[in-house]
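# Geometric and topological summary
What follows is the residue order along each chain.
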Amino acid sequence: MHQSARVKHMKSVSALSCSNEKCLDYGKKGSGNIVVHSRYGKHDEIRMLKCKTCGSYFSERTNTALYNGKLQKDKALKIIYHLSKGCSIGKINRLTGVSRDAISRLAHIER
Ligand SMILES: [Zn+2]
């Protein structure tokens, strides 16, 4: 087992854009509206971001999870919100009805 695949590539927030379709800065990169709000995940490796333009929160994992999975966006955002508050997967499962599997996919980075 070698570790080379585990090297972290932290994208600068300027490479990320707002995921709120109704936002004025939706999809715009590097406009300075995205700030890091907090971190979550096993090793705090996932950043919770905030758009200063529309005030919405999202995770840098949100888009990936949505593209890969079948989760609805509002559900995914809810899960990420609960995760950032430190809720357990079991609790989020009860709150949202989303499968533990889907929740843990959002909670943990797959490399
Ligand atoms: Zn926005």
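Right above here is the structure, for reference.
The following refers to the structure shown. (Residues numbered from 1 in each chain as written. Predicted model: local features only at pLDDT ≥ 70, side-chain atom pairs only at ≥ 80, totals over all residues.)

## Brief notes about the environment of Ser31
Mapped onto the fold, Ser31 is located in the segment before strand S1 (34-40). Between the C-alpha atoms of Ser31 and Cys18, which are 13 residues apart in sequence, the distance is 10.0 Å. (Helix = DSSP H or I, 4+ residues; strand = E, 2+ residues; numbered from the N terminus.)

## Comments concerning the pairing of S1
Of the pairings in the sheet, the one linking S1 to strand S2 (residues 46-51) comprises six bridges and is antiparallel in character. Looking across to S2, one finds that Ser38 is bridged to Met48. Turn length for the S1-S2 hairpin, with the two strands adjacent in sequence and antiparallel, is five residues, and the turn residue Gly41 shows positive phi of about 105°. (Pairing = 2+ DSSP bridges.)

## Topic: the pairing of S2
Burial runs high along S2: five of the six residues are buried. The sheet contact formed by S2 and strand S3 (residues 57-59) spans three bridges and is antiparallel. For Leu49, the partnering residue across the bridge sits in S3 and is Phe58. In this structure, the hairpin formed by S2 and S3 is closed by a connection of five residues, where Gly55 is found at a positive phi of approximately 80°. (Buried ≥ 20, exposed ≤ 12 C-beta atoms within 10 Å, placed from the backbone.)

## Let's talk about the sheet that holds S3
Ordered by their spatial adjacency, three strands build an open sheet running S1-S2-S3, and the pairing between neighbours is antiparallel. Every other strand in the sheet has two partners, leaving S1 and S3 as the edge strands with one partner each. The sheet shows a mean angle of 30° between the axes of neighbouring strands, taken without regard to direction. Against the sheet, helix H2 (residues 73-84) touches S1, S2 and S3, its axis set at about 85° to S3. (Axes fitted to C-alpha atoms, helices over the stretch in contact; angles between N-to-C directions. Contact = placed C-beta atoms within 7 Å.)

## Re the nonpolar core
Among the nonpolar cores identified, the biggest contains 20 residues, and Ile79, Ile80, Leu83, Ile103 and Leu106 are the most heavily contacted of them. When residues of this core are traced back to their parent elements, those giving at least two are S1, S2, H2, helix H3 (89-96) and helix H4 (100-107). In terms of residue count, H2 provides more of this core than any other element does, five residues in total. (Core = buried A, V, L, I, M, F, W, Y, C linked by C-beta atoms within 7 Å.)

Read these as geometric descriptors, not functional statements.
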